[in-house]
Amino acid sequence: MRKGLPVSPGVAVGTAYCIHEIFWNPRGKPISESEVDAEQERYERAVAKTSDDLEALHEKVASQVGQKEADIFRVHLAILHDPTFHAKVRDWIVSQRSTASAALHHVLNDFSSLFARTKDEYLKQRLADVRDVIERISGHLTSDPQPDQDQLQGPFVVIADELLPSHVVTLGNREVIGIVTQAGGQTSHAAILARGRGIPAVAGVRGILKQVSSGATIVVDGREGLVMVNPDSETESAYRKLQREFFHLKDHLAENHDQPAVTADGESVELLANINSLGDAQTATNMGASGVGLYRTEYLFLTHPDVPSEDEQYEAYRQIIDASPGNRVTLRTLDLGGDKTIPYLGHRARSQGGFEANPFLGWRSIRLSFEHPEFFMTQVRAVLRAAARHPREQKNVRLMFPMITTLEEMRRVRIMVRRAQKKLKEEGVPAGRVQLGLMLEVPAAAVSIESFLDIVDFVSIGSNDLVQYLMAADRDNPKVSHLCQPLAPAVLKVLSEVIRSCRQAGRPVTLCGEMAGSPKAFVMLFAMGLRSFSMSPAFIPSIKLLASHLTLHRARMIYRRAMRFDTTRQVRRFLAKQVHDICPSVELLDSV
Ligand code: PEP
Ligand code: MG
């Protein structure tokens with residue numbers, strides 16, 4: 001049994017599907033002169049198989065998901081067949097008498113340093129794609145082949161170092177019921193994707209790829225962060241029983257999607273969805289969300305072969321608005337950098353031309369947008385145009401800005417939006433009026449929240465980032481991400497102050513971090529006065545159920561007692577007991 005971080009609740013038992021990274025296992029022994037030709041042929045065969053894989057994937061994803069999602073594999077095919085890339089690998093095999101795997105590893109390193117030096121952002125961000133392609137070829141080269149993964153019987157538990165964005169696209173069509181990663185934390189984007197799909201996941205299980213082969217039976221307990229490899233039959237059947245309960249609960253809960261979200265004493269709460277794609281907008285509707293409280297627009301850029309044009313973005317945003325419940329959507333402008341190093345844009349070290357030592361404290365989010373006003377303005381124009389399609393419901397489309405730290409930054413984005421509006425008017429292009437919001441993620445902005453309230457239409461608390469910055473603990477670093485505790489007394493104090501200030505000033509306030517979907521956190525936030533929550537769609541039914549058993553009086557009593565504890569552990573334990581007493585069935589869906 002291995003212990004990691006619980007990042008997406010629920011229980012799963014399935015067949016291991018390992019995604020090996022070549023970084024962990026380059027086969028380095030030199031080969032003899034007589035083996036060089038055979039090694040080159042082996043490499044060519046692996047390339048041919050990779051090409052077949054990518055063609056097949058392209059077709060499959062295009063027909064089952066959509067052409068846009070499939071386009072990433074066209075980009076990968078172009079890299080695979082790039083003559084310079086081939087020449088580099090073959091040259092290294094011959095000149096160094098290297099195995100093909102080691103040559104690939106070398107070429108990847110070469111590309112990494114080359115890309116770090118280039119000033120061309122587009123090229124620089126292709127590194128993630130090159131890495132993907134190299135991993136694929138490498139998978140066909142391994143002399144210790146995994147069982148043919150395509151022959152394995154699902155449902156699958158995916159085991160990877162980290163879940164790369166393209167893995168998620170690739171896996172979209174397989175029956176994935178669990179995810180285990182060596183890296184990552186509770187609010188890493190792999191975790192968010194898992195939660196969005198209601199898939200139990202455990203992160204930060206170091207070395208698991210060395211212990212598990214594809215085909216093994218794996219138990220994932222996303223409530224406790226436990227992973228079991230080939231468990232004994234008793235353990236396996238106990239977990240299979242829990243898994244059945246989990247599936248049953250999910251199916252049963254989704255049936256409440258038409259019911260209003262109200263507490264037992266009639267207090268309404270707004271349950272919104274966090275979405276990353278058009279498909280998620282549909283899921284939000286199915287799960288009973290009353291709107292979209294966070295659309296992470298960067299995912300559009302991820303699944304696109306190059307920077308989407310203004311028209312392409314307009315079309316995408318229009319579709320999202322049309323598909324979202326009540327056509328209510330809060331779009332967030334590009335939030336790249338940190339853990340999101342996405343093709344075409346993404347983060348770049350400003351110092352020494354290398355990688356940033358502390359990317360979460362670095363050149364990310366709005367900071368990056370300010371330095372690339374051309375991308376930012378294109379996005380703002382596309383949003384304003386999409387908002388114009390719903391003139392009678394203008395209040396429905398809102399735009400917010402991630403990682404705002406200072407008042408000047410907020411003023412600056414307002415000016416930029418106004419400029420875009422004016423320009424569109426001059427061009428005779430219809431532009432909607434959108435509400436402009438602050439995404440509260442930085443402690444400095446939380447401390448001075450009152451001064452922001454005069455110049456923002458609404459506030460959305462991004463607790464994933466706010467918690468990591470308050471606790472000074474990288475949310476993706478498994479060694480410290482246990483400190484990223486949304487129920488830490490310090491975090492609760494800050495949240496209650498921010499919510500109080502917003503309410504006093506009459507500014508709408510939402511919380512869109514992952515804690516919004518946690519039953520324990522929900523009780524606390526509700527007692528603080530929060531009435532708008534945005535979460536992974538998978539959690540909406542259970543929060544609605546919990547709310548229907550809760551009264552404001554009871555929540556306030558729980559809150560007052562919880563705030564007397566000094567440690568997170570005490571708070572969690574106390575809240576777990578309270579949630580159990582209020583509505584025991586939602587416990588299976590809590591991992592905070
Ligand atoms: C957050 O920080 O809470 C948030 C919702 O944004 P993201 O998780 O995309 O950084
Ligand atoms: Mg954030």
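Residues numbered from 1 in each chain as written. Chains lettered and ligands numbered in written order. Predicted model: local features only at pLDDT ≥ 70, side-chain atom pairs only at ≥ 80, totals over all residues. Heavy atoms only, no water.

Now for the overall build of the protein chain. The helix and strand tally for the protein chain stands at 24 helices and 16 strands. Per-residue burial for the protein chain yields a buried fraction of 58% across its 592 residues. Taking all contacts inside the protein chain whose residues are at least 6 apart in sequence as the whole, residues at least 24 apart take part in 72%. With the model as given, the accessible surface of the protein chain reaches about 24,300 Å², and the carbon-plus-sulfur share is 50%. (Helix = DSSP H or I, 4+ residues; strand = E, 2+ residues; numbered from the N terminus. Buried < 20%, exposed > 50% of the residue type's maximum accessible area, 1.4 Å probe, protein only. Contact = heavy atoms within 4.5 Å. Areas by Shrake-Rupley, 256 points an atom, 1.4 Å probe, with all protein chains shown as cover.)

Turning next to helix α10 (residues 233-254). Given a rise of 1.5 Å per residue, 22 residues ought to cover 32 Å, and the 32 Å separating the end C-alpha atoms of α10 matches this to within 8%. Within the span of α10, buried status applies to Y239, Q243, F246, L249, L253 and A254. The arc enclosing the buried residues of α10, seen along the axis, measures out at 120 degrees, which places them on a common side. Exposed and facing more than 90 degrees away from the buried side of α10 are S233, E234, R244, H248 and D251. (Expected span 1.5 Å × (residues − 1). Arc of directions from axis to C-beta.)

This paragraph deals with the environment of L127. Structurally, the position occupied by L127 is in helix α6 (residues 127-141). Separated by 15 residues in the primary sequence, L127 and S112 place their C-alpha atoms 6.8 Å from one another.

Taken N-terminus to C-terminus, the directions of helix α15 (residues 373-387) and helix α16 (residues 407-426) make an angle of 60 degrees; their axes are 10 Å apart at the nearest point. Considering the angle they form, α15 stands oblique to α16. Seen along the crossing, α15 lies across α16 with a hand that is right-handed. Residues P373, F376, M377, V380, R381, L384 and R385 of α15 touch α16, and the partners they reach there are V413, M416, V417, R419, A420, Q421, K423 and L424. The residue makeup of the contact of α15 with α16, split by class, is 10 nonpolar, 1 polar and 4 charged. (Axes fitted to C-alpha atoms, helices over the stretch in contact; angles between N-to-C directions. Parallel < 35°, antiparallel > 145°, perpendicular 65-115°, else oblique. Left-handed = near helix turned anticlockwise from the far one by under 90°. Nonpolar A, V, L, I, M, F, W, Y, C, P; charged D, E, K, R; others polar.)

Another point: the confidence of the model for the protein chain. Taken residue by residue, the protein chain gives an average pLDDT of 85. The fraction at 70 or more is 87%. Counted against residues more than four places away or in other chains, residues 143-147, with its pLDDT under 50, gives 8 contacts. (pLDDT = per-residue confidence, 0-100.)

This paragraph deals with the site of ligand 1. Lining the immediate surroundings of ligand 1 are 16 residues, of which R296, E441, G462, N464 and R475 lie closest. One of the side-chain nitrogen or oxygen atoms of R332 is found 2.9 Å away from an oxygen atom of ligand 1. Here an oxygen atom of ligand 1 and a backbone polar atom of S463 are 3.1 Å apart. In the complex, 100% of the free accessible area of ligand 1, which totals 290 Å², lies under the protein chains. (Near = heavy atom within 4 Å. Polar contact = N/O pair within 3.5 Å; in protein donor to acceptor, adjacent residues only side chain to side chain.)

In terms of nonpolar packing, the biggest core is built from 103 residues, with Y317, F401, L440, V459, I461, L525 and F533 touching the most fellow members. When near neighbours in sequence (up to four residues on either side) are disregarded, I461 contacts L440, L466, L495, V498, I499, V509, T510, L511, C512 and G513. Ranked by size, the runner-up nonpolar core spans 31 residues in total, among them V61, A103, L108 and V133. (Core = buried A, V, L, I, M, F, W, Y, C linked by side-chain atoms within 4.5 Å.)

Another aspect to go through is the sheet that holds strand β2 (residues 5-8). Strands sit in the order β1-β8-β7-β3-β4-β5-β6-β2 across an open sheet of 8 strands; the sheet is mixed. The open sheet has two free edges, formed respectively by β1 (2-3) and β2, since each of these has just one partner strand. The pairing of β2 with strand β6 (residues 201-203) spans 3 bridges and is classified as antiparallel. Paired with S8 across the strands is A201, a residue of β6. Its contacts with the sheet place α10 against β3 (11-19), β5 (176-181), β7 (217-221) and β8 (226-229), and it is angled at close to 105 degrees to β3. (Pairing = 2+ DSSP bridges.)

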